[in-house]
Amino acid sequence: MTRMNMLMASAAVAAMTATIASADSSEPIVIPTHNWSSQIVMSHIVGQIFETAGNSVEYVSTDSQAVYESIRLGDVALGVEVWEGAYGASFDAAVAKGGLHSVGEHDAVTREDWWYPMWTKEACPGLPDWEALNDCAAIFATPETGDKGRLLGGPVDWLKHDQERVDALGMDFVVINAGSAAALWASLAAAERTQEPIVIFNWTPNFAEAVWPGEFVEFPAWETGCDTDPAIGPNPDATFDCGNPADGYLKKAAWDGMEGKWPTAYAVLTNVSFTNPQIAEMARLVDIDGMEPEDAAAHWLDQNADVWSGWTD
Ligand code: TMO
């Protein structure tokens with residue numbers, strides 16, 4: 001590039017930043033983060049893209065169910081990972097009250113459910129069928145669960161209704177909630193050392209599938225209303241007698257006031273769409289490589305300019 005061209009290019013960038021800054025409010029866009037790695041990294045990726053467009057951004061750690069009320073009220077501006085299985089019900093309830101809306105789905109297809117690493121199948125060959133799992137309940141027993149099997153569930157705020165499912169399907173399992181996602185991976189790594197059977201709550205996209213090959217337990221298939229209507233699912237008297245959606249959505253959510261206040265950032269958010277491998281990579285950078293989420297986000301943006309540069313046009 002000649003020196004003249006370079007001067008012209010930087011002048012164009014300065015003019016563009018100025019235009020954006022005047023279109024959007026200078027107040028920070030508040031982005032909520034939750035307790036699993038891909039969501040935190042993705043929040044920082046989206047926030048750092050906003051910053052390249054001249055916006056200012058703040059992050060606030062937020063309960064992953066209560067957040068939909070926070071978005072609805074405009075306390076936070078948006079949400080980047082609305083998983084159908086975990087948050088579909090809270091999202092829908094907030095939409096019905098008014099104040100937030102979907103700004104489209106990611107390309108990614110999601111699943112969240114009971115899952116086991118492959119070595120578990122040797123001790124319980126009828127897997128992945130849930131009735132076969134239940135027949136093997138005793139091999140999953142721990143001191144905490146007596147002669148019943150343990151499901152190591154996620155943190156309670158993910159609200160997976162696992163104990164309701166155990167009760168609805170008459171399973172010989174007890175749900176123990178892990179305190180954090182990191183506790184799930186630590187238990188899985190410990191079980192791997194002794195090749196002990198283990199069943200945990202897991203999800204995809206996630207880094208774990210690359211580290212520990214495994215399978216989801218196949219429960220009676222999810223049908224809309226299984227969580228609200230006892231008539232749906234095999235037990236006519238109970239809700240939650242089914243698995244989570246096997247091909248769930250991953251949505252983005254925005255406060256209804258976001259478009260008026262930060263039109264440029266809002267337009268970017270509508271364009272954002274990540275794939276399963278991209279989201280698994282975000283989790284891996286933190287959970288395996290040990291990066292801080294904001295550094296992982298900067299690294300990802302640096303390596304994937306071709307993916308996101310079009311979103312800011
Ligand atoms: C919502 N989650 C990905 C933790 O299952």
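For the structure itself, consult the block above.
Scoring rules and cut-offs
- Residues numbered from 1 in each chain as written.
- Predicted model: local features only at pLDDT ≥ 70, side-chain atom pairs only at ≥ 80, totals over all residues.
- Heavy atoms only, no water.
- Helix = DSSP H or I, 4+ residues; strand = E, 2+ residues; numbered from the N terminus.
- Buried < 20%, exposed > 50% of the residue type's maximum accessible area, 1.4 Å probe, protein only.
- Contact = heavy atoms within 4.5 Å.
- Lys, Arg positive; Asp, Glu negative; His and termini not counted.
- Charge placed at Lys NZ, Arg CZ, Asp CG, Glu CD.
- 1 Å grid on protein atoms, 1.4 Å probe; cavity = no way out; pocket = protein on both sides within 12 Å on 5 of 7 lines; lining within 4 Å.
- Points joined across faces, edges and corners; volume = space filled by probe spheres on them.
- Nonpolar A, V, L, I, M, F, W, Y, C, P; charged D, E, K, R; others polar.
- Domains from an automatic or database assignment.
- Near = heavy atom within 4 Å.
- Areas by Shrake-Rupley, 256 points an atom, 1.4 Å probe, with all protein chains shown as cover.
- Sits in = over half its atoms within 2 Å of the grid points.

J.: How do you make sense of the overall build of the protein chain when you look at a structure like this?
T.: Check the secondary structure of the protein chain and you find 14 helices and ten strands. When its C-alpha atoms are laid out on the principal axes, the protein chain stretches across 75 × 45 × 25 Å. When the 313 residues of the protein chain are sorted by exposure, 50% land in the buried category. Looking at the protein chain alone, contacts between residues at least 24 apart form 72% of all its contacts between residues at least 6 apart. If the 14 positive side-chain charges of the protein chain are averaged to one point and the 47 negative ones to another, these points end up 2 Å apart.

J.: Help me understand the side chain of lysine 160, please; the structure alone is not making it clear to me.
T.: With respect to the helices, strands and loops of the structure, lysine 160 is situated in the loop between strand 6 (149–153) and helix 7 (162–168). For lysine 160, a relative accessible area of 8% translates into the label buried. Sequence-distant contacts of lysine 160, that is, excluding residues within four places in its chain, are made with Gly85, Ala86, Glu112, Phe201 and Asn244.

J.: Help me understand the layout of surface pockets, please; the structure alone is not making it clear to me.
T.: The gaps left among the atoms become clear once a water-sized probe is rolled over them. Taken as a whole, the largest pocket spans an internal volume of roughly 440 Å³. Ranked by residue count, the leading element in the lining of the largest pocket is helix 4 (residues 84–97), at seven residues. The class makeup of the residues in the lining of the largest pocket is eight nonpolar, ten polar and five charged. Counting only domains with at least three residues in the lining of the largest pocket, you end up with domain 1 (3–109 + 248–312) and domain 2 (111–216). Volume-wise, the second largest pocket comes out at about 160 Å³.

J.: Which parts of the structure should I look at to understand the environment of proline 117?
T.: With respect to the secondary-structure elements, proline 117 resides in strand 5 (residues 111–117). By relative accessible area, proline 117 is classed as buried at 0%. The spatial distance from the C-alpha of proline 117 to the C-alpha of leucine 269 is 36 Å, given a sequence separation of 152 residues. What proline 117 contacts, discounting residues up to four positions off in sequence, is Leu188, Ile198, Pro213 and Gly214.

J.: Where do I start with the site of the ligand in this structure?
T.: With respect to spatial proximity, the complete set of residues near the ligand consists of Trp36, Trp83, Ala86, Tyr87, Glu112, Trp158, Phe201 and Trp203. Compared with its free state, where it exposes 210 Å², the ligand has 100% of that area covered by protein. If you map the ligand onto the pockets, it falls in the largest cavity. For the shell around the ligand, the elements supplying multiple residues, two or more each, are helix 4 and strand 8 (200–204). Looking at the shell around the ligand residue by residue, the classes come out as seven nonpolar, no polar and one charged. Split by domain, the shell around the ligand shows at least three residues from each of two domains, domain 1 (3–109 + 248–312) and domain 2 (111–216).

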